[in-house]
Amino acid sequence: MRIPSETSSATSSKSEADTAENGAIVVALIDDNEVTLKRLRRKGASIALEPANPAHETRIFGPDRVRVQGRLVALMRCY
């Protein structure tokens with residue numbers, strides 16, 4: 001579990017070795033050099049990574065460019 005120092009939220013992920021259900025929130029490795037936490041959508045031969053923040057755009061990649069490193073299994077918030 002990682003607790004960012006600038007926020008009061010913590011996330012926990014589970015390794016899934018390149019598998020995740022459509023609609024799952026995943027830790028995705030893009031082009032072997034960028035990691036992001038996004039909702040995964042498979043659309044035909046493409047993979048769409050959808051942000052929770054509407055100010056950011058959905059990014060679409062070929063399947064050879066994205067590897068699932070894990071999926072979100074918990075989010076804890078302290079108020």
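Residues numbered from 1 in each chain as written. Predicted model: local features only at pLDDT ≥ 70, side-chain atom pairs only at ≥ 80, totals over all residues. Heavy atoms only, no water.

Caption draft 1: Representation of the pattern of salt bridges within the structure. Tallied over the entire structure, the rule returns four salt bridges. The salt bridge partner of Glu34 is Arg59, with a shortest N-O separation of 2.7 Å. On the criterion of sequence distance, the pair formed by Glu34 in strand E3 (residues 34-43) and Arg59 in strand E5 (residues 59-61) is long-range, its members being 25 residues apart. Accessibility expressed as a relative area gives 32% for Arg59, which makes it partly exposed. (Salt bridge = Lys/Arg side-chain N within 4 Å of Asp/Glu carboxyl O. Helix = DSSP H or I, 4+ residues; strand = E, 2+ residues; numbered from the N terminus. Buried < 20%, exposed > 50% of the residue type's maximum accessible area, 1.4 Å probe, protein only.)

Caption draft 2: Layout of the environment of Val68. For Val68, the location among the structural elements is in strand E6 (residues 66-77). Classification of Val68 by relative accessible area gives buried; the value is 6%. With 28 residues separating them along the chain, Val68 and Leu40 place their C-alpha atoms 9.2 Å apart.

Caption draft 3: Summary view of the environment of Ile47. As for its placement among the helices and strands, Ile47 is situated in strand E4 (residues 46-50). Distance from Ile47 to Asp64, taken between C-alpha atoms, is 9.5 Å for residues 17 residues apart in sequence. Discounting residues that sit within four places of it in the chain, Ile47 has contacts with Leu40, Arg41, Arg59, Ile60, Phe61, Pro63 and Val66. (Contact = heavy atoms within 4.5 Å.)

Caption draft 4: Region of the structure containing unusual backbone geometry. Of note in this structure, Asp31 is not a glycine but carries a positive phi near 55°. Within the fold, Asp31 resides in the loop between strand E2 (25-30) and E3. Judged by relative accessible area, Asp31 falls into the partly exposed class, the value being 37%.

Caption draft 5: Structural view of the confidence of the model for the protein. On average, residues of the protein carry a pLDDT of 83, and 77% of them reach 70 or more. Across the protein, the element-wise mean pLDDT spans from 51 in strand E1 (residues 9-14) up to 97 in E5. Predicted confidence is poor over residues 1-5, with pLDDT under 50, and the contacts of this stretch with residues over four places away or in other chains come to eight contacts. (pLDDT = per-residue confidence, 0-100.)

Caption draft 6: Region of interest: the side chain of Thr36. Looking at the secondary structure, you find Thr36 in strand E3. At a separation of 2.8 Å, a polar atom in the side chain of Thr36 contacts the side chain of Lys38. Those residues in contact with Thr36 that lie beyond four places of it in its chain are Val26, Val27, Ala28, Ile30 and Leu49. (Polar contact = N/O pair within 3.5 Å; in protein donor to acceptor, adjacent residues only side chain to side chain.)

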